[in-house]
Amino acid sequence: MRSIAALLLLLTAASLPAQDTSCQALFTRTGFTQRTSLPIGNCGDCHSGSTQSPRVAARLGNPGGSKWIRGDEILIWLGETSVADASQTPAPRDLSAVDRHAQAWTSLRSTTAEQMGVVLGKPGQLHRDRACLACHTSLPVYNLECESDGLISAALESDVRLTSGVSCEGCHGTSGDAATQGADLPNGWGTAHFALRNWRNMPPDEKCRHGYLDVRSVASRTKICVSCHVGNAELGRVVTHEMYAAGHPPLPPFELQTFEQQMPKHWREYHEKPELLRQEFEAATGLKPADPAEQQARELLVSALITWSESMKLTADLAEQKAPQELVRSEWPEFAQFDCYACHHDLRHDGWRQQAQIKGHPGRPRLIPWPATLAELAWNVTSSTPEAAATPGIGFAEVRQATVSTPFGDTRELIKAARAAAASAEQIASRLETSTLTPQQQQAVTAGLLNAGTAATVDYDSARQIAWSWLLLNSATADEQQKLFPQLFLQLHQGRAESDPIPGSNETVTVIRIDPALSLPPIAGYDPQSFRAAFETIRKSQSE
Ligand code: HEC
Ligand code: HEC
Ligand code: HEC
Ligand code: HEC
Ligand code: HEC
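So, here's what we can say about the structure. (Residues numbered from 1 in each chain as written. Chains lettered and ligands numbered in written order. Predicted model: local features only at pLDDT ≥ 70, side-chain atom pairs only at ≥ 80, totals over all residues. Heavy atoms only, no water.)

Another aspect to go through is the coordination of the iron atom of ligand 5. Looking at the iron atom of ligand 5, one finds its protein donor set to be His 241 (NE2) and His 344 (NE2), positioned 2.0 Å from the metal centre. Looking at His 241, the relative accessible area reads 26%, which means it is partly exposed. The exposure class of His 344 is exposed, given its relative accessible area of 52%. (Donors = N, O, S within 2.8 Å, 3.2 Å for Na, K, Ca; no water. Buried < 20%, exposed > 50% of the residue type's maximum accessible area, 1.4 Å probe, protein only.)

Set out below in structure tokens:
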């Protein structure tokens with residue numbers, strides 16, 4: 001017979017709302033906050049290279065020196081090399097290979113952030129402001145304890161989960177057990193992923209039940225990155241115009257594979273993994289690897305569609321004032337959603353903007369244009385017939401019309417159009433992710449980029465996306481990139497060296513900060529004609 005206590009426990013468990021642990025739910029407020037965070041120190045035993053117990057080596061598939069994962073991910077993320085014993089001095093950091101995610105929190109104490117604090121009326125406090133921490137740490141900010149001034153409690157300032165910035169959990173998911181006692185959740189992936197024998201071959205949905213974000217799927221990976229690199233209102237991640245005006249660097253346009261190339265890679269691509277382990281994996285999961293060129297082209301399209309979809313969701317959420325008030329100070333029209341350079345450019349005699357016939361309505365700001373650029377290409381390639389390609393497709397025309405029908409748009413129509421665009425783009429992306437591009441479609445991607453580069457007058461950020469995509473599909477080196485597009489700032493990780501204190505120690509470390517003196521002048525000096533000329537040259541060399 002069950003004891004009363006056990007019965008009561010059963011009753012409370014039964015009355016708790018059922019937890020939605022699907023992959024999709026991890027991007028909602030409840031999903032995002034349901035687990036506790038583990039400090040990165042918990043991962044060090046197995047992911048910092050030097051110390052590997054025989055058991056771990058065996059689990060890595062490493063007895064003969066072949067590995068499924070690298071095992072030194074933390075070192076790469078920190079930009080440090082391994083030493084055999086503590087008395088040795090590690091080699092100097094390779095500053096060309098700094099992962100900026102590791103410095104994301106100390107950036108909130110940088111000179112730029114100090115200046116922002118003064119303008120925003122919170123001098124020296126932004127490293128405790130959840131509006132910033134939402135993207136500059138891995139933590140679900142809703143859960144952070146606050147003081148009466150709305151800033152997180154000073155005691156947290158030295159907590160490594162904060163000071164480690166955007167650490168492993170920022171992209172791989174919060175890894176601890178349930179944040180609420182008694183919540184009916186499977187244990188966190190932080191322990192499950194090495195304790196469960198079949199973890200590697202588990203379907204993504206099952207890993208998500210443990211809180212693990214699916215980084216293998218392109219659609220899901222894009223969602224993870226753009227939640228910070230574009231924004232996600234539900235997770236409290238929004239760069240507002242107020243922040244920009246105070247000095248936040250303009251967020252560059254996002255292109256998944258380019259951004260991945262520009263962060264030091266701490267993983268092995270599938271084809272780089274040992275063949276024996278791949279065979280085991282394929283036998284267990286039934287998955288088949290794709291042709292690398294086809295996969296690259298398809299990833300370009302899928303991530304473009306998801307980026308468009310997520311940016312439409314953000315616009316709709318902000319227009320509907322759905323962002324959590326306690327985290328995000330934003331009013332509609334939120335200027336940060338509109339084309340920055342519609343408002344921020346000099347009046348020029350004979351300026352290119354007047355001649356550009358920017359689609360829309362003269363004198364009314366459109367939304368930030370770049371998210372539509374590659375999505376339009378994706379739509380053109382995937383809607384198979386020429387007739388379909390000529391239709392408005394995934395909401396471009398509707399969104400544009402709703403944005404310029406009145407100054408700053410007809411809010412109700414815009415919300416409707418943006419939500420519809422987001423939903424259909426996501427649907428097409430998920431279909432595309434599990435299909436294969438035909439050789440004709442692959443050619444259409446290349447042709448579409450050439451057209452985009454030569455046909456229309458494109459804005460600076462769209463030009464960067466078109467250039468990045470072209471360079472990606474043609475495996476161009478950094479030197480070649482510079483030669484082809486000297487007018488564009490393409491190497492995002494370039495910047496100026498600064499010395500950061502290492503939190504919790506007296507030592508400092510050199511980091512590379514964003515330098516507006518490098519990134520902003522090309523915007524002001526941008527001339528669409530020379531960009532077009534660069535692509536004309538490419539086209540000519542292609543047809544030779
Ligand atoms: C006891 C050793 C151990 C610890 C501690 C550990 N890991 Fe792992 N981790 C592994 C092993 C082994 C694998 C490879 C699993 C496989 O072969 O598929 C792995 C794989 C991973 C992966 C890839 C998972 C996947 O599904 O592809 C991530 C991400 C990861 N670990 C992050 C972390 C983080 C973050 C922490 C700390 C919260 C952590 N690990 C702690 C041993 C460990
Ligand atoms: C939790 C938020 C967050 C997530 C998720 C995230 N990033 Fe970042 N990322 C940042 C922040 C913040 C910076 C700037 C850090 C700094 O310099 O202080 C950054 C910087 C970068 C940079 C350096 C480029 C530059 O201009 O500074 C690259 C490249 C990058 N991220 C790629 C990615 C990719 C690829 C993904 C997805 C796999 C991703 N990020 C996911 C927050 C995030
Ligand atoms: C929506 C996510 C998001 C929010 C919210 C956000 N940031 Fe950022 N921040 C980023 C990203 C992404 C970058 C990198 C920009 C790039 O790639 O060029 C960045 C870069 C920076 C940098 C430059 C870092 C460097 O290495 O030079 C500073 C400083 C900064 N942010 C401060 C802040 C402050 C202060 C706040 C709050 C008022 C804030 N950020 C809010 C995403 C965000
Ligand atoms: C900015 C986002 C980001 C951060 C931060 C991050 N990762 Fe990753 N991680 C990725 C991406 C993207 C992949 C590659 C996914 C793919 O293409 O399969 C990856 C892959 C991995 C893999 C290999 C998985 C496999 O099956 O091959 C491991 C292990 C891993 N990460 C561990 C870590 C650890 C440990 C940390 C913290 C030091 C960390 N990651 C921080 C984005 C991130
Ligand atoms: C609808 C017009 C409009 C749009 C769109 C807009 N801004 Fe602004 N912005 C303004 C106004 C008005 C000011 C205040 C000007 C002043 O203080 O003189 C301002 C101020 C600024 C400032 C500080 C003053 C300066 O010129 O340096 C920055 C930086 C800034 N905005 C960046 C951005 C960025 C980045 C975007 C796009 C993400 C953007 N703005 C979009 C109208 C706009």
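Alright, that's what it looks like, and here's the rest.
Not every one of the 23 residues close to ligand 3 is listed here, only the nearest: Cys 132, Cys 135, His 136, His 248 and Ile 514. Interatomic distance of 3.2 Å between a side-chain N/O atom of Gln 103 and an oxygen atom of ligand 3. Looking at the shell around ligand 3, the elements with two or more residues in it are helix H6 (111-119), helix H7 (130-136) and helix H12 (218-229). Element by element, the count of residues in the shell around ligand 3 is highest for H7, at four residues. Residues that form the shell around ligand 3 fall into these classes: 14 nonpolar, seven polar and two charged. (Near = heavy atom within 4 Å. Polar contact = N/O pair within 3.5 Å; in protein donor to acceptor, adjacent residues only side chain to side chain. Helix = DSSP H or I, 4+ residues; strand = E, 2+ residues; numbered from the N terminus. Nonpolar A, V, L, I, M, F, W, Y, C, P; charged D, E, K, R; others polar.)

This part takes up the coordination of the iron atom of ligand 2. For the iron atom of ligand 2, the full set of protein donor atoms is His 101 (NE2) and His 229 (NE2), and the range of their distances to it is 2.0 Å. The site at the iron atom of ligand 2 holds six donor atoms, and with the angles between them running 86 to 179 degrees, its shape is octahedral. Of this pair, His 101 sits in the loop between helix H5 (73-78) and H6 while His 229 sits in helix H12, placing them 128 residues apart in sequence. Given the relative accessible area of 27%, His 229 is considered partly exposed. (Tetrahedral: all angles 85-135°; square planar, octahedral: opposite > 155°, others 65-115°.)

Evaluated as defined, the whole model comprises one disulfide. There is a disulfide in this structure between Cys 23 and Cys 208, and the S-S distance comes to 2.0 Å. Between Cys 23 and Cys 208 the sulfur-sulfur dihedral comes to about 95 degrees; the bridge is accordingly right-handed. Here the residue Cys 23 occupies a position in the loop between helix H1 (4-15) and helix H2 (29-33), and Cys 208 occupies one in helix H11 (residues 204-209), the gap between them amounting to 185 residues. Cys 208 sits in the buried class, given a relative accessible area of 1%. (Disulfide = S-S within 2.5 Å.)

Moving on: the pattern of salt bridges. Tallied over the full model, the rule gives 26 salt bridges. Here Lys 265 makes a salt bridge to Glu 272, at a shortest N to O gap of 3.4 Å. The partly exposed category is assigned to Lys 265, whose relative accessible area is 32%. A salt bridge links Glu 426 to Lys 313; its shortest N-O distance comes to 3.4 Å. Of this pair, Glu 426 sits in helix H22 (residues 411-433) while Lys 313 sits in helix H16 (residues 292-319); the two residues are 113 residues apart in sequence, bridging distant segments of the chain. One connected set of salt bridges, linked through shared partners, spans Arg 496, Glu 498, Asp 500, Arg 513 and Asp 515. (Salt bridge = Lys/Arg side-chain N within 4 Å of Asp/Glu carboxyl O.)

Turning our eyes to something else, we now look at the packing of aromatic side chains. Using the criterion set out here, one finds 16 aromatic pairs in the structure. Aromatic pair Trp 68 and Phe 281: ring centres 5.1 Å apart, planes at 40 degrees, arrangement tilted. In this pair, Trp 68 sits in the loop between helix H4 (54-59) and H5 while Phe 281 sits in helix H15 (residues 275-285), placing the two residues 213 residues apart along the sequence. Of the two residues, Trp 68 and Phe 281, both sit in the buried class. Three or more aromatic residues joined by ring pairs form one cluster here, namely Trp 332, Phe 335, Phe 338 and Phe 408. The ring of Trp 68 has Lys 273 sitting right over it, with the charged end atom 4.4 Å from the ring centre. (Phe/Tyr/Trp six-rings, centres within 6.5 Å; stacked < 30°, edge-to-face > 60°. Lys NZ or Arg CZ within 6 Å of the ring centre and 35° of its normal.)

Before going further, it helps to spend a moment on H12. Helix length check: H12, at twelve residues, gives a terminal C-alpha distance of 16 Å against a target of 16 Å (1.5 Å per residue), a fit within 8%. Counted residue by residue, H12 has ten buried out of twelve residues, so it is predominantly covered. Along H12, the residues classified as buried are Val 218, Ala 219, Ser 220, Arg 221, Thr 222, Lys 223, Ile 224, Cys 225, Val 226 and Ser 227. For H12, the N-terminal cap is Ser 217; the gap from its side-chain oxygen to the backbone nitrogen of Ala 219 is 3.4 Å. Gly 231 sits one or two positions beyond H12 and adopts a positive phi of about 135 degrees. (Expected span 1.5 Å × (residues − 1).)

Turning our eyes to something else, we now look at the site of ligand 2. What surrounds ligand 2 is a group of 22 residues, the closest being His 101, Ser 107, Cys 225, Cys 228 and His 229. Take Arg 100: an N or O atom from its side chain is 2.7 Å from an oxygen atom of ligand 2. Ser 107 is positioned such that a nitrogen or oxygen atom in its side chain is 2.5 Å from an oxygen atom of ligand 2. Taken together, the elements giving at least two residues each to the shell around ligand 2 come down to H7, helix H9 (168-172), H12 and helix H14 (256-261). The biggest single contributor to the shell around ligand 2 is H12, with four residues. By residue class, the composition of the shell around ligand 2 is eleven nonpolar, eight polar and three charged.

A few words now on the nonpolar core. Within soluble globular proteins, side chains that are nonpolar tend to cluster in buried spots. By size, the foremost hydrophobic cluster in this structure holds 97 residues, and its most contacted members are Trp 308, Phe 485, Leu 488 and Phe 531. The dominant element in this core, judged by the number of residues it contributes, is H16, at 13 residues. Those residues in contact with Phe 485 that lie beyond four places of it in its chain are Ala 467, Leu 471, Leu 490, Phe 531, Ala 534, Phe 535 and Ile 538. Ranked by size, the runner-up nonpolar core spans seven residues in total, among them Phe 27, Phe 32, Cys 208 and Leu 213. (Core = buried A, V, L, I, M, F, W, Y, C linked by side-chain atoms within 4.5 Å. Contact = heavy atoms within 4.5 Å.)

Turning our attention to the environment of Gly 448. Looking at the secondary structure, you find Gly 448 in helix H23 (residues 439-455). Given the relative accessible area of 18%, Gly 448 is considered buried.

Looking now at unusual backbone geometry. In this model, Trp 332 is joined to Pro 333 through a cis peptide bond whose omega is 0 degrees. Within the element layout of this structure, Pro 333 appears in the loop between H16 and helix H17 (340-343). The backbone of Gln 321 sits at a positive phi, close to 55 degrees, despite the residue not being glycine. As for its placement among the helices and strands, Gln 321 is situated in the loop between H16 and H17. Under the relative-accessibility criterion, Gln 321 is labelled partly exposed at 38%.

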